[in-house]
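One letter stands for each residue in the lines below.
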Amino acid sequence: MAAVRTIYDGDTFRVNIDGWPAVVGDSMPVRIKGIDTPELRGKCQREKEAARAAKQFSVARLREGKLIELKGIERDKYFRLLAEVWVDGVSLGEQLILGGFAVPYGGGTKVDWC
C-alpha cells in the first residue's frame with residue numbers, strides 16, 4: 001500500500017510506501033506503467049491544456065482513493081518506480097486511457113499531442 005505525497009502530472013507522482021525503509025520508500029517517484037499522458041511543459045498550448053486535464057483526473061482519483069496499490073513494480077531509466085497503479089481495485093492507467101487522458105505506451109517514440 002502507498003500513500004500519495006505529491007502529483008506531478010497525469011502519469012507521474014510521489015508516494016510513501018508502507019513497509020519499505022525510508023531511504024527507498026519515502027517520497028518515491030512513480031510512473032504509471034503502460035500509458036503516456038501529455039506533458040505539462042509540452043510543445044504546444046493544446047498539449048499543455050490536455051496535460052492539465054490529465055493531471056486533474058489523476059489528482060481526483062488518487063486523492064479520493066482509500067487504497068492505492070502498486071503492482072508489477074520495475075525501475076525506469078530515470079530511477080522512478082514503473083508500476084501498474086490501482087486505486088480501490090480499479091486500474092488508474094485504464095481509467096486514464098478510457099477517459100481520453102492517456103494513450104497506451106510500451107516504450108519508444110511517444111505520441112505527438114500537438
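Criteria and cut-off values
- Residues numbered from 1 in each chain as written.
- Predicted model: local features only at pLDDT ≥ 70, side-chain atom pairs only at ≥ 80, totals over all residues.
- Heavy atoms only, no water.
- Helix = DSSP H or I, 4+ residues; strand = E, 2+ residues; numbered from the N terminus.
- Expected span 1.5 Å × (residues − 1).
- Contact = heavy atoms within 4.5 Å.
- Buried < 20%, exposed > 50% of the residue type's maximum accessible area, 1.4 Å probe, protein only.
- Pairing = 2+ DSSP bridges.

1. Comments concerning helix 2 (residues 45-64)
Residues three or four positions apart in an α-helix share a direction because the helix packs 3.6 residues into each turn.
Working step 1: A rise of 1.5 Å per residue sets the reference length of helix 2, with its 20 residues, at 28 Å; its end C-alpha atoms lie 29 Å apart and thus fit the reference within 8%.
Working step 2: Of the surrounding elements, those touching the buried residues of helix 2 are strand 1 (2-9), strand 2 (12-17), strand 5 (68-75), strand 6 (81-87) and helix 3 (92-98).

2. Brief notes about the pairing of strand 3 (residues 28-32)
Working step 1: Within strand 3, five of the five residues are buried, which leaves the element mostly enclosed by the surrounding structure.
Working step 2: Burial of strand 3 is two-sided: the residues M28, V30 and I32 facing one way and the residues P29 and R31 facing the other way are all buried.
Working step 3: Pairing between strand 2 and strand 3: four bridges, direction antiparallel. Note that in strand 3 the partner of R14 across the bridge is P29.

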